[in-house]
Amino acid sequence: MNLFNVYPLYNVTPVKAEGAYVWDENNTKYLDLYGGHGVISIGHTHPDYVENISKQLNKIGFYSNSVQNPLQIELAQKLGDLSGCENYNLFLCNSGAEANENALKLASFNTGKSRIISFKNSFHGRTSAAVAVTDNKNIKAPINLQQQVTFLPLNDIERIIHELGKNDVAAVIIEGIQGVGGLDEGTTDFFKQLREICTEKGVLLILDEIQSGYGRSGHFFAFQYHNIQPDIITIAKGMANGFPIGGVLISDEIDAKFGMLGTTFGGNHLACIAAITVLDIIKKENILSNVNEVYHYFLKEINGISKVIKIKGKGLMLGVEFDFEVGELRKKLIFDKHIFTGGSQNKKLLRILPPLTINKGHIDIFLTALKEILA
Ligand SMILES: Cc1ncc(COP(=O)(O)O)c(C=O)c1O
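Residues numbered from 1 in each chain as written. Predicted model: local features only at pLDDT ≥ 70, side-chain atom pairs only at ≥ 80, totals over all residues.

(A) Layout of the overall build of the chain. A count of helical and extended segments in the chain gives 11 helices and 14 strands. Compactness check: the chain gives a C-alpha radius of gyration of 20 Å against a globular reference of 21 Å for 375 residues, within 12% of the reference. Buried positions account for 47% of the 375 residues belonging to the chain. Sequence-distant contacts, at least 24 apart, represent 74% of the contacts inside the chain between residues at least 6 apart. (Helix = DSSP H or I, 4+ residues; strand = E, 2+ residues; numbered from the N terminus. Rg over C-alpha atoms; globule rule 2.2 N^0.38 Å. Buried ≥ 20, exposed ≤ 12 C-beta atoms within 10 Å, placed from the backbone. Contact = placed C-beta atoms within 7 Å.)

(B) The arrangement of the site of the ligand in detail. Ser 95, Gly 96, Ala 97, Gly 125 and Ile 210 are the nearest of the 15 residues found near the ligand. It is helix α4 (residues 96-111) that contributes the most residues to the shell around the ligand, 3 residues altogether. (Near = placed C-beta within 6 Å.)

(C) Geometry of the nonpolar core. In terms of nonpolar packing, the biggest core is built from 100 residues, with Ala 171, Val 172, Ile 206, Ile 232, Ala 274 and Ala 275 touching the most fellow members. Per element, the largest residue contribution to this core is 11 residues, and it comes from helix α8 (residues 269-284). Domain assignment of the residues forming this core places at least three in each of domain 1 (14-46 + 286-374) and domain 2 (47-284). With residues near it in sequence (within four places) discarded, Ala 274 still touches Tyr 49, Ile 53, Ala 240, Asn 241, Phe 243 and Ile 245. (Core = buried A, V, L, I, M, F, W, Y, C linked by C-beta atoms within 7 Å. Domains from an automatic or database assignment.)

(D) Main features of the sheet that holds strand β13 (residues 339-340). Sheet architecture is open: 4 strands sit in the order β1-β2-β3-β13, paired in mixed fashion. Each edge of the open sheet carries a strand with a single partner, namely β1 (14-18) and β13. Sheet topology places strand β2 (residues 21-24) next to strand β3 (residues 29-32); 3 bridges connect them, and they run antiparallel. Paired with Val 22 across the strands is Tyr 30, a residue of β3. (Pairing = 2+ DSSP bridges.)

(E) Main features of the pairing of strand β9 (residues 232-235). On β9, burial covers both faces: Ile 232 and Thr 234 on one face and Ile 233 and Ile 235 on the other are all buried. Pairing between strand β8 (residues 204-208) and β9: 3 bridges, direction parallel. The residue bridging Leu 207 from the neighbouring strand is Ile 233, located in β9. Pairing geometry for β9 and strand β10 (residues 246-251), over 4 bridges, is antiparallel. The residue of β10 that forms the bridge with Ile 233 is Leu 249.

(F) Spatial organisation of the sheet that holds strand β5 (residues 115-119). Taken in spatial order, the 7 strands line up as β4-β10-β9-β8-β7-β5-β6 in an open sheet, and their pairing is mixed. Strand pairing shows two members of the sheet lacking a second neighbour, β4 (88-93) and β6 (149-152), which therefore form its edges. Taken over all neighbouring pairs, the strand axes of this sheet differ in orientation by 20° on average, direction set aside. In the packing of helix α6 (residues 157-164) onto the sheet, the strands contacted are β5, β6 and β7 (169-175), and the crossing angle to β6 comes to about 160°. (Axes fitted to C-alpha atoms, helices over the stretch in contact; angles between N-to-C directions.)

(G) Structural view of the domain arrangement of the chain. Annotation of the chain at the domain level lists domain 1 (14-46 + 286-374) and domain 2 (47-284). Computed from C-alpha atoms alone, the centre-to-centre distance between domain 1 and domain 2 is 25 Å. The partner domain 2 presents 28 residues to the 26 residues of domain 1 that form the contact. The set of elements that each furnish at least two residues to the side of domain 1 that touches domain 2 consists of α1 (35-38), α9 (287-302), β11 (308-314) and β12 (317-322). When grouped by side-chain class, the residues that make up the side of domain 1 that touches domain 2 number 11 nonpolar, 13 polar and 2 charged. (Nonpolar A, V, L, I, M, F, W, Y, C, P; charged D, E, K, R; others polar.)

(H) Quick look at helix α3 (residues 70-83). Over its 14 residues, α3 runs 20 Å from end to end, which matches the ideal 20 Å to within 8%, given 1.5 Å per residue. Of all the residues in α3, the buried ones are Gln 72, Leu 75, Ala 76, Leu 79 and Ser 83. Buried positions in α3, seen along its axis, are confined to an arc of 100° and lie on one side of it. Turned more than 90 degrees away from the buried face of α3, the exposed residues are Pro 70, Ile 73 and Asp 81. Of the surrounding elements, those touching the buried residues of α3 are β4 and α8. Looking at the residues trailing α3, positive phi occurs at Gly 84, about 75°. (Expected span 1.5 Å × (residues − 1). Arc of directions from axis to C-beta.)

(I) Structural context of the environment of Ile 53. Tracing the backbone shows Ile 53 in helix α2 (residues 47-59). Counting along the chain gives 142 residues from Ile 53 to Arg 195, while the straight-line C-alpha distance between them is 39 Å. The contact partners of Ile 53, leaving out residues within four places of it in the chain, are Leu 270, Ile 273 and Ala 274.

Here's what the structure looks like:
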């Protein structure tokens, strides 16, 4: 049997990883400034992570959601404490798309409505409702076109007010900082007015923090830059450092009912221990202050590179915009300089999503390589 060929692959085969580095089968070492799509939060193969998952595997790896699992409660408590979102309830699932799918379903259950407002250039995943609210027609099949979704530009509050005035909207879904779309984001004014109008109209505000959350922006959640409280927050990527997991944080004003949501694998013992370990390490190693320190260093040091037009994003969720398409540059970074970076829908943008544990020395390596290639 062959693999279903949906991914254009770089010809690199990582076989080992540690901290901010991965090695291929020829023992070539690569600096990982992409974290496998923004997934690696605490660094590859962190010793506590390896130890805790191994120990858990020797005890119990999985049982279904029909019995008690104290690890889920520990995870919810630690997540509430560290994120400052104590007044939410947690539903655990397996991926970002599934988190958004459940968030949208909850909003529809809760309001009895079905239209969703989403944004130009948004990405929310590939399952039915998640892909329907994603602004990319190339990844939607005819079956995905049945949902009622309206795409609006970011930062245009008048259009939002107009659409919410029709009283048929269940939710507005917005990324804390757009990831795949190219690192654009709402202004603080926009987020605040959006929060107000959603409250006034009884529309739920869903913050997709799947990429921008878990400390990546320098706050635990990117929306915390704007001093607002969403009704629902979705999380995944950095949550368990590569172990598949997703979550929906649900305001305690939204009532749960037995059977309303569910999953076989979500919240299993191994996923929970991986996610608990990530939170413990973020706290113990003060990872948020590292993100901010490295971010400010990056901003200062990249200043001198003339071909860079703009830096987008925050913390270690960064986009470096050039006045040319970056496809060739990314290839040179990987194959000549052995540095992984990412691309986005904006072809002129290099996406930087490293492990949140990287240091200034890693930034120096990247900037030296960039200068050499651009010269
Ligand atoms: C903002 C955002 N939401 C949702 C998703 C979907 O997550 P997953 O690939 O885990 O389904 C992604 C993935 O890139 C994302 O960046």
